[in-house]
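Single-letter residue listing:
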Amino acid sequence: MPRDFLKLDPEFKKAEKRIDREKLIVPAFERAKAFLAGHSIKETDFEDTYDAGSLKSDLEYVQKMDKTIASESDPQNRENSMLSTIFNAIAVDQFGKNWMSPNAYTIGASKHDLYQNGIGNITEFRKNTGTSYMATAVRMTFSPNTRKKILEIKERIQNNNFYEVKYFKTDPPFEFKGKLENVPIVLAGCDKDMLLEVAELWMLGKTKDLEKHPLQFLILDQIYKQIPYYIRESLSNKRNDLALKYKAVLNNIHEVMKQKSDLRHSLETQTISPSVSQLENKDRVSVSLQLDLEEVFSE
């Protein structure tokens, strides 16, 4: 599967030739759809959890949204939709393999939760005792227009109307099936150029390169930097419960970053390619996210 896309163009068979990454979008999208179909929560698995009417309504909503997306006529909107799916699939795949800690488990959100709240995937941080169990929802983005998403998080904290994941389940010993309320949500992403670079590695099955790719540190830094804003906003609105959840996520991300300190150091000090810091400073999503956080939470 990873190399099937090479058949699309005879030029791709030449290993020395630089791949036109724009041509990766369609085949990567097809692979991403298939991957997410097998690695995401399915609403139909909850027939014993929700009443038939509620489940039917949600499935009809998903079908309607599927049709709306499939019938999109604007080329840019169609491409954006494909890129979002690709990004989410890579995140689900790599969070669970390389980019988080060994006690992190990631699964794609149900289509209902994706369409309802923009939640692409959910990561659980598990410990043997279960005391540090925490599910974190992630909204992936490749657009530098992050202000609207940040403002939405702030307003939901203020209005006591925070995010929920309606369809969620885990395996024993952390067995749970049902709705998660007040789920700590974070934004993570990169610009299109970096996304296509990672998509190329993913399609080629270059697991070692993916394991060491600096995008993981851009994502970790983005999560680590934005959470203090959400904690302060939660505390100022007497949402101590939400603040505690975000603090738990912050601690888990901090632990991941410590575990990856050697890899980060090697990427930061390399001279052949740009360092992590250099990439962050030119990545439009990373830059916009920080500026928008400062602006939105200073209002």
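See the structure shown above.
All figures in this text were calculated on a predicted structure; none of them were measured in a lab.

About the cut-offs
- Residues numbered from 1 in each chain as written.
- Predicted model: local features only at pLDDT ≥ 70, side-chain atom pairs only at ≥ 80, totals over all residues.
- Heavy atoms only, no water.
- Buried < 20%, exposed > 50% of the residue type's maximum accessible area, 1.4 Å probe, protein only.
- Helix = DSSP H or I, 4+ residues; strand = E, 2+ residues; numbered from the N terminus.
- Pairing = 2+ DSSP bridges.
- Salt bridge = Lys/Arg side-chain N within 4 Å of Asp/Glu carboxyl O.
- Axes fitted to C-alpha atoms, helices over the stretch in contact; angles between N-to-C directions.
- Parallel < 35°, antiparallel > 145°, perpendicular 65-115°, else oblique.
- Contact = heavy atoms within 4.5 Å.
- Nonpolar A, V, L, I, M, F, W, Y, C, P; charged D, E, K, R; others polar.
- Phe/Tyr/Trp six-rings, centres within 6.5 Å; stacked < 30°, edge-to-face > 60°.
- Lys NZ or Arg CZ within 6 Å of the ring centre and 35° of its normal.

**Q** What should I look at first to understand the pairing of strand 1 (residues 104-108) in this one?
**A** Note on strand geometry: in a regular strand, side chains alternate between the two faces of the sheet. Where burial is concerned, the two faces of strand 1 differ: the one with Ala104, Thr106 and Gly108 is buried and the one with Tyr105 and Ile107 is not. Judged from the 5 bridges that link them, strand 1 and strand 2 (residues 121-125) form a sheet pairing that is antiparallel. Following the sheet pairing, Tyr105 is matched in strand 2 by Glu124.

**Q** Quick question: what am I supposed to make of the pattern of salt bridges here?
**A** A side chain of one charge can pair with a side chain of the opposite charge if their charged atoms are brought near each other. For the structure shown, the criterion picks out 17 salt bridges. In this structure, the salt-bridge partner of Lys97 is Asp93, at a minimum N-O distance of 3.0 Å. Taken together, the positions of Lys97 and Asp93, both in helix 3 (residues 75-99) and 4 residues apart, correspond to about one turn of that helix. Under the relative-accessibility criterion, Asp93 is labelled buried at 8%. A single salt-bridge network, built from bridges that share partners, covers Glu22, Glu79 and Lys192.

**Q** Before we go on, may I ask you to explain the packing of helix 8 (residues 215-236) against helix 12 (residues 284-296) in this structure?
**A** Pairs of packed helices are described in terms of their axes, by the angle between the two and the distance that separates them. Contact geometry of helix 8 with helix 12 gives a least axis separation of 11 Å together with a crossing angle of 5°. By the angle between their axes, helix 8 is roughly parallel relative to helix 12. Along the contact surface, helix 8 presents Leu218, Gln222, Lys225, Gln226, Tyr229 and Tyr230, while helix 12 presents Val285, Ser286, Leu289, Gln290, Leu293 and Glu294. Tallied by class, residues from the contact of helix 8 with helix 12 come to 6 nonpolar, 4 polar and 2 charged.

**Q** I keep staring at the packing of aromatic side chains and nothing clicks. Help me out?
**A** Centre-to-centre distance and the angle between the planes together describe a pair of aromatic rings. In this structure the tally under the stated criterion is 11 aromatic pairs. With centroids separated by 5.1 Å and ring planes inclined at 80°, the aromatic side chains of Phe46 and Tyr167 adopt a geometry described as edge-to-face. Of the two residues, Phe46 sits in the loop between helix 1 (25-38) and helix 2 (52-70) while Tyr167 sits in strand 4 (residues 164-170), which places them 121 residues apart along the sequence. With a relative accessible area of 0%, Phe46 lands in the buried category. Between Phe162 and Tyr163, the ring centres sit 5.0 Å apart and the planes meet at 80°, which makes this aromatic pair edge-to-face. An aromatic cluster is present here, built from Phe162, Tyr163, Tyr229, Tyr230, Tyr246 and Phe297 joined pairwise through their rings. The ring centre of Tyr163 lies 4.2 Å from the NZ or CZ of Arg156, which sits over that ring. Across the ring face of Tyr50, the terminal group of Lys166 is positioned such that the distance to the ring centre comes to 5.1 Å.

**Q** Would you mind showing me how to read the side chain of Ser288 here?
**A** You can see Ser288 is positioned in helix 12. By relative accessible area, which is 18% here, Ser288 ends up buried. In this structure, Ser288 is in contact with Pro144 and Thr146, ignoring residues within four places of it in sequence.

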